[in-house]
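# Structural characterization, general
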Amino acid sequence: MTVMAGTATSSTAASAQEQTIKVTSANVSTLHDNKGPSNKFNIGGLSTGGRVQILDGMFDREGCDFVGVQEGRVKIDQRRECVHYHMFIAGCLPSGNAGVQAWIHKRLRPKNINSQIKSPRLMGLSFWAAELKCGFNAIVAHSHCEDAAVEDHRTFWDMLENLMLEMKSERPDYPTLLAIDCNGKVGSVASHTIGVCNPAQETANGARLRTLLERNGIVATTTFFNVGHTWVGTRGHKSRIDYV
C-alpha cells in the first residue's frame, strides 16, 4: 500500500483569508474483500475484511480532508458513505484491476458535488467546502506502468489534461487538487513545478507528469518537502511514484 499526503491553500475574495486542505493519495491494493487463505489481495498489513473501515479511521486520525484512492477494485461505479467520509467510486476494469475513488471528509460539509468518472483510472470531483468557505476541483488519477503501450499512455494523459481543463473552465475560481499514482519518478530535470527534495532520475511517466504540471500551472507540493518513499514493495523495493 502506498500513502502520501500534501497540503494546498486557497484564497478567496469572499473569505479574505487563506484556507488549508490536507490532500492524500493512497494506492490501497484493493478494497474488495475476497476472503480466504489463498486470496492474492491479502497483502501489506491489510490482510483482513473491513478494509474500508480501517482506512476510514486511519485517514481521519491523520487529518486527511480529501483522499484520492487508487486500485480500489470495486466492481461498479457507485457512491458510499463511511463513518468519516463521503466516497465516490469508479468501478474497476473487467480484469479486476484499477478503480479510482475520491473520499471527502464530512467535516468539510461538502455541497454542490459534481463527479465525473472518465475511466477506471481517472475521475474528477468539484465541490464547495462549506467549512472552508471555498471550492475545489479535485482529480484522482492512476497512470499506467512505464512499460504499457504508447497509445495507452497517450490516451490516459490526454484524458487527464482534458478533464483538468474542462473542470477549470466550468469553475475557474476553484483551485485544482490532483492526487495521482504516477508510476513514475521526477527530480533530475529542473522545473518550477517540481521541488528539490528527494530527487530521482526522471522516467518517462515522470516527464509526462512534469510537462502536464508546467502547462497547467500546477505544483507537485509533495516534492518540496521530505515525504520519503511513497511505495514499498513486498521485496523491500522503495521509490517515490505518488504525488499531490
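Just above sits the structure.
All figures in this text were calculated on a predicted structure; none of them were measured in a lab.

### A short note on the overall build of the protein chain
Helix and strand counts for the protein chain come out as three helices and 13 strands. Taking all 244 residues of the protein chain together, the buried fraction comes to 50%. Of all intrachain contacts in the protein chain linking residues separated by at least 6 positions in sequence, the fraction that spans at least 24 positions is 57%. Accessible surface computed for the protein chain: about 11,200 Å², of which carbon and sulfur atoms make up 51%.

### Focus on the packing of aromatic side chains
The geometry of an aromatic ring pair is captured by the separation of the ring centres together with the interplanar angle, meaning the angle of the planes. According to the stated counting rule, one finds six aromatic pairs in the structure shown. With 6.3 Å between their ring centres and 15 degrees between their planes, Phe66 and Phe127 make a pair best called stacked. Separated by 61 residues along the polypeptide, Phe66 in strand β3 (residues 66-70) and Phe127 in strand β8 (residues 122-129) bring together distant segments of the chain. Across the pair, exposure class does not vary: Phe66 and Phe127 are buried alike. An angle of 40 degrees between the planes, with centres 6.3 Å apart, marks the rings of Trp128 and Tyr174 as tilted. Taken together, the residues span a long stretch of sequence, with Trp128 in strand β8 and Tyr174 in the loop between α2 (150-170) and β10 (176-181) at a distance of 46 residues. Taken together through their ring pairs, the aromatic side chains of Phe59, Tyr85 and Trp103 make up a single cluster.

### Here's the deal with the side chain of Arg121
Its place among the elements puts Arg121 in the loop between β7 (110-119) and β8. No salt bridge is formed by the buried Arg121; the nearest opposite charge belongs to Glu71, separated by 5.4 Å. At 3.1 Å, the side chain of Arg121 forms a polar contact with the backbone oxygen of Ser143. The contact partners of Arg121, leaving out residues within four places of it in the chain, are Ala98, Val100, Val140, Ala141, His142, Ser143, His144 and Phe156.

### A short note on unusual backbone geometry
Backbone geometry at Ala98 places phi at a positive 70 degrees, although glycine is not the residue there. Owing to a relative accessible area of 1%, Ala98 belongs among the buried residues under this scheme. You will see that Asn198, though not glycine, has its phi angle at about 50 degrees, which is positive. You can see Asn198 is positioned in the loop between β10 and α3 (204-216). By relative accessible area, Asn198 is classed as partly exposed at 36%.

### A word on the pattern of salt bridges
Scanning the model with the defined rule gives twelve salt bridges in all. Residues Arg107 and Asp60 are paired through a salt bridge, measuring 3.7 Å at the closest nitrogen-oxygen approach. Taken together, the residues Arg107 in the loop between β6 (101-105) and β7 and Asp60 in helix α1 (residues 51-61) connect sequence positions 47 residues apart. Note on Asp60: relative accessible area 22%, which makes it partly exposed. The salt bridge partner of Glu202 is Arg210, with a shortest N-O separation of 2.6 Å. Residue Glu202 shares its accessibility class with Arg210, and that shared class is buried. Where salt bridges share partners, they join Asp60, Asp65 and Arg107 into one cluster.

Thresholds, definitions, all that
Residues numbered from 1 in each chain as written. Predicted model: local features only at pLDDT ≥ 70, side-chain atom pairs only at ≥ 80, totals over all residues. Heavy atoms only, no water. Helix = DSSP H or I, 4+ residues; strand = E, 2+ residues; numbered from the N terminus. Buried < 20%, exposed > 50% of the residue type's maximum accessible area, 1.4 Å probe, protein only. Contact = heavy atoms within 4.5 Å. Areas by Shrake-Rupley, 256 points an atom, 1.4 Å probe, with all protein chains shown as cover. Phe/Tyr/Trp six-rings, centres within 6.5 Å; stacked < 30°, edge-to-face > 60°. Lys, Arg positive; Asp, Glu negative; His and termini not counted. Salt bridge = Lys/Arg side-chain N within 4 Å of Asp/Glu carboxyl O. Polar contact = N/O pair within 3.5 Å; in protein donor to acceptor, adjacent residues only side chain to side chain.

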